Amino acid sequence: MRLTLKVWRQKNKSDKGGFETYQLNNVDTHASFLEMMDVLNEQLVNENKIPVAFDHDCREGICGACSMVINGRPHGPLKGTTTCQLHMRHFHDGETVTIEPFRANAFPVLKDLVVDRSSFERIQQAGGYISVGTGAAPEANNIPVNKVDAEKAFDAAACIGCGACVAACKNGSAMLFVGAKVSQYALLPQGHPERNERVLNMVAVMDEEGFGGCTNTGACEAECPKEISVANIMRLNREYISAKLSVEKE
Amino acid sequence: MALDSKIPSGPLGEKWSRYKSSVKLVNPANKKKIDIIVIGTGLAGASAAASLGELGYKVKAFCFQDSARRAHSIAAQGGINAAKNYRNDGDSVYRLFYDTIKGGDYRSREGNVHRLAEVSVNIIDQCVAQGVPFAREYSGLLDNRSFGGVQVSRTFYARGQTGQQLLLGAYSALNRQVKEKSVELFTRHEMVEVVIENGKARGVIVRDLVTGEIQRHAAHAVVLATGGYGNVFFLSTNAMGCNTTAIWKAHKKGAFFGNPCFTQIHPTCIPVHGEYQSKLTLMSESLRNDGRVWVSKSKGDKRKPQDIPEEERDYYLERKYPSFGNLVPRDIASRAAKEACDDGRGVGETGMAVYLDFADAIKKYGKDTISARYGNLFEMYEKITGEDPYTTPMMIYPAVHYTMGGLWVDYNLMTNVPGMYATGECNFSDHGANRLGASALMQGLADGYFVLPYTIGDYLSGEILTGKIKTDSTAFDEAEKNVRAQIERLMNIKGTKSVDYYHRKLGKVMWDKCGMARNATGLSEAIEEIKKIKTEFWSDVKIPGTANELNPELEKAIRVADFIELGELMCLDALHREESCGGHFRTEFQTPDGEALRNDDKFAYVGAWEYKGENQPQELHKEELVFESVHLTQRSYK
């Protein structure tokens, strides 16, 4: 099939950027979206033009690198699907497809469709861990974990850190991302000793980085390729309030 | 040159504990004065960087992705083995050791593998303490499952994404050290050269992938944890960025490359759909517990699978291997699939696929049971192919998945270059000629958490008076000069073909002639073809843009240049190893019924190759493998 692609091009961080339009013929419906981009790029290289830069790696929906807004939706039209898992059979012959980077105050564009998500890293570094050194761990089965909690912790831990939630949110909020990590550790006994410090520190950095506030829209959950639930935001709020009320001040 | 594996003396079960009790240590005050560089932040790299930082060393960690959590360890599905014996079914450290040695077809070192089995139990403890959400039973205790061809249930898992969860555990430990400032993390930075000074590894040259800036980083030791080189075949289950550059550069600076031709092909992957295919997707080995593999009995049969009656179907694994049936080991299953397709009986549009059929299992157990077992895998298959495995058979084909070969290392995980270490998939050591399922995750974390932190002290105890390594030495000047020269040369070729064109071409030669079934003629031809590809690449590749910006084409070019050279070495290694073992199958060396024929008299050694210079033949060194504990047997699955 044939497609018209409107792609965001931006030379670097300070460049204003703009849309370029490309025609792509003979797109195979079995191809994945990124394979279609590869074909576009091969065409551009052959025409002595600069190919479109985009983040990608695993191409199987788990690393969280790929990050395109396709026809206005982060990761495109399908539920629970990353950009790299999207296939061209979901588009029609002659369609115009608009492709943009994940846009947010806290995700500056580096080039074309590549954004800087290091704000996520700084949030994780603030508290997204349990402070156990290598070799200090007790026997694995010493602390049983309720099976239901274990399943919920897994559901929260399934977040791939792609940032689609931020891109989808009209406020550019990272509450789903932070909520998922805070929830995982709040649901596991191993996470309890540092529970309060963790949520306060992570939220503080989240705010510093320029993410917006949560106004209960739910677009994040709808667009999340791993279908992370807004229940994690509920838990985050509960952990936060609880921590605020419990932490003793000198 | 004699290769000294430095395996400690004494009974097998005591080597590691005795070693730990007598290894030289670096006291805490001195650790602060020592810098260590870690390249790669997958399971092996992140665990090493975090553990070394906790110990008090000053660590710099580098990865080319935008986050340390995106290393390809993240994609591992199945599980991680450990000899906990929670199931009370007869598992033990010795049994895990034995299964791994035998599974590796007796081409790995006893000492290293036994240690791996010993520390496996500590790994589970560490991960649980980090908050890794392993599957639990109703008691709240950890669950286990069995994995391919093994008689005990020793695999710990987190649904179908154990790799992701283990990596996030190591990543969280790494993050804590970044906050503590014991580790400085450089994301979107790729190592492009090692720096050797007075025979010791003293640092690296790194390229900032956003600005193109070339940087010098010095350290008392360099740890490479850069994963496998499966992308030399272009199509593999690896991520797009996975490459051999770090270890290849180390190799060209003197580190021997061990058993490069030992590559693992996984039998159940989604087949190639077209010319534009960029990678292959793995379908978990667990599917073969219930699926039946078949093709038509007649060649060129284009009928829909539902229209082919039972009598006209060839369930070839069940036919050829009655006692193991569909559950034969990976190398056997892969070769059998290739044989069927080469015989003109492959299925699908390309004819390069076989059926994995769940119809009988669904009839027997019901759709709900099958869905509970494989739901997410069936969903993944349907997303990619648009076909529904509940109503039509899956199509699968073997694909390159893992590389057992890698840099030669001794018992300390140090290469033959002092101060240069290799951990995880990028070293050669523990899996011999064939890796067992659920053991790659085990090895990466074993190396990073529980081996390297001890063994590196042995070397670094000699560096406590060295002082900071300076980056303004001749060695660094030379290394940076060479990097700039290479990049400039690449950018100025301004030829007519893209990097991907050459990568695909190389991949096809490697797959056709150094893939599942190898022979002397094919390998010799491949070596000549690859030499031609190298010449063409360096005279006709086209890289748009400039070097001083984010330039994915340049990044790919640097990696492909190294793949081309590695490919030639792999063919050479495969050519010289005149036997079949594990994933290395030479058609000239097989039993009368088509199984691998090992030659333990002549080839029970590690082939460690030494780089001798541009266009010079590489020199082979042999580390003879001594088996004190296990008896070598021929593997049979009939």
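Reading the values: the criteria
Residues numbered from 1 in each chain as written. Chains lettered and ligands numbered in written order. Predicted model: local features only at pLDDT ≥ 70, side-chain atom pairs only at ≥ 80, totals over all residues. Domains from an automatic or database assignment. Contact = placed C-beta atoms within 7 Å. Axes fitted to C-alpha atoms, helices over the stretch in contact; angles between N-to-C directions. Helix = DSSP H or I, 4+ residues; strand = E, 2+ residues; numbered from the N terminus. Parallel < 35°, antiparallel > 145°, perpendicular 65-115°, else oblique. Left-handed = near helix turned anticlockwise from the far one by under 90°. Nonpolar A, V, L, I, M, F, W, Y, C, P; charged D, E, K, R; others polar. Buried ≥ 20, exposed ≤ 12 C-beta atoms within 10 Å, placed from the backbone. Pairing = 2+ DSSP bridges.

**Remarks on the domain arrangement of chain A**
All names here are of chain A.
So, point 1. The assigned domain composition of chain A is domain 1 (3–111) and domain 2 (117–246).
So, point 2. The gap between the C-alpha centroids of domain 1 and domain 2 is 29 Å.
So, point 3. Domain 1 puts 18 residues into the contact, and the matching count from domain 2 is 17 residues.

**Re the packing of helix H14 (residues 499–513) of chain B against helix H16 (residues 552–576) of chain B**
Residue and element names in this part refer to chain B.
So, point 1. With their axes 9 Å apart at the nearest point, H14 and H16 run at an angle of 25° to one another. Looking at the two axes, H14 sits roughly parallel to H16. Classified by chirality, the crossing of H16 by H14 is left-handed. Contact with H14, carried on its side by Val-499, Tyr-502, His-503, Leu-506 and Met-510, involves Glu-553, Lys-556, Ala-557, Val-560, Phe-563, Ile-564 and Gly-567 of H16 and no other residues of that element.
So, point 2. Considering only residue class, the contact of H14 with H16 consists of 8 nonpolar, 2 polar and 2 charged.

**Some remarks on the environment of Asp301(B)**
Residues and elements named next belong to chain B.
So, point 1. Tracing the backbone through its elements, the reader meets Asp-301 in the loop between strand S12 (292–296) and strand S13 (313–314).
So, point 2. Residue Asp-301 is classed as partly exposed on the basis of its C-beta count, with 17 C-beta atoms lying within 10 Å.
So, point 3. Asp-301 sits 50 residues away from Gly-351 along the chain, and the two C-alpha atoms are 9.6 Å apart.
So, point 4. For Asp-301, the residues in contact, after removing those within four places along its chain, are Ser-296, Ile-308 and Arg-345.

**Details of the interface of chain B and chain A**
So, point 1. Between chain B and chain A, the contact holds 64 residues from the first and 64 residues from the second.
So, point 2. Those elements that place two or more of their residues in the side of chain B that touches chain A are helix H3 (43–55), helix H5 (110–129), helix H6 (162–180), helix H11 (367–385), helix H12 (440–460) and H16 of chain B.
So, point 3. Top contributing element to the side of chain B that touches chain A by residue count: H6(B), with 9 residues.
So, point 4. Here the side of chain B that touches chain A is built from residues that sort into 24 nonpolar, 24 polar and 16 charged.

**Some remarks on the sheet that holds strand S15 (residues 394–403) of chain B**
Residue and element names in this part refer to chain B.
So, point 1. Taken together, the 5 strands give an open sheet; going across it, the order is S11-S15-S14-S12-S13, and neighbouring strands pair in antiparallel fashion. At either margin of the open sheet sits one strand with a lone partner, and together these are strand S11 (263–269) and S13.
So, point 2. Pairing analysis gives 5 bridges linking S11 to S15, with the strands arranged antiparallel. Bridging across to S15, Cys-269 finds its partner in Tyr-397.
So, point 3. Each of S11, S12, strand S14 (354–357) and S15 is contacted by helix H9 (residues 330–345), which is oriented at about 65° to S11, the strand it contacts most.

**Focus: the sheet that holds strand S10 (residues 257–258) of chain B**
Residues and elements named next belong to chain B.
So, point 1. Taken in spatial order, the 4 strands of this open sheet run S16-S10-S18-S19, and their pairing is antiparallel. One side of each edge strand has no neighbouring strand; the edge strands of this open sheet are strand S16 (406–407) and strand S19 (619–624).
So, point 2. Sheet topology note: the S10/strand S18 (residues 605–610) ladder contains 2 bridges and is antiparallel. The partner of Gly-258 across the bridge, within S18, is Ala-608.
So, point 3. Along the sheet, H16 contacts S10, S18 and S19; its crossing angle with S18, the most-contacted strand, is approximately 140°.

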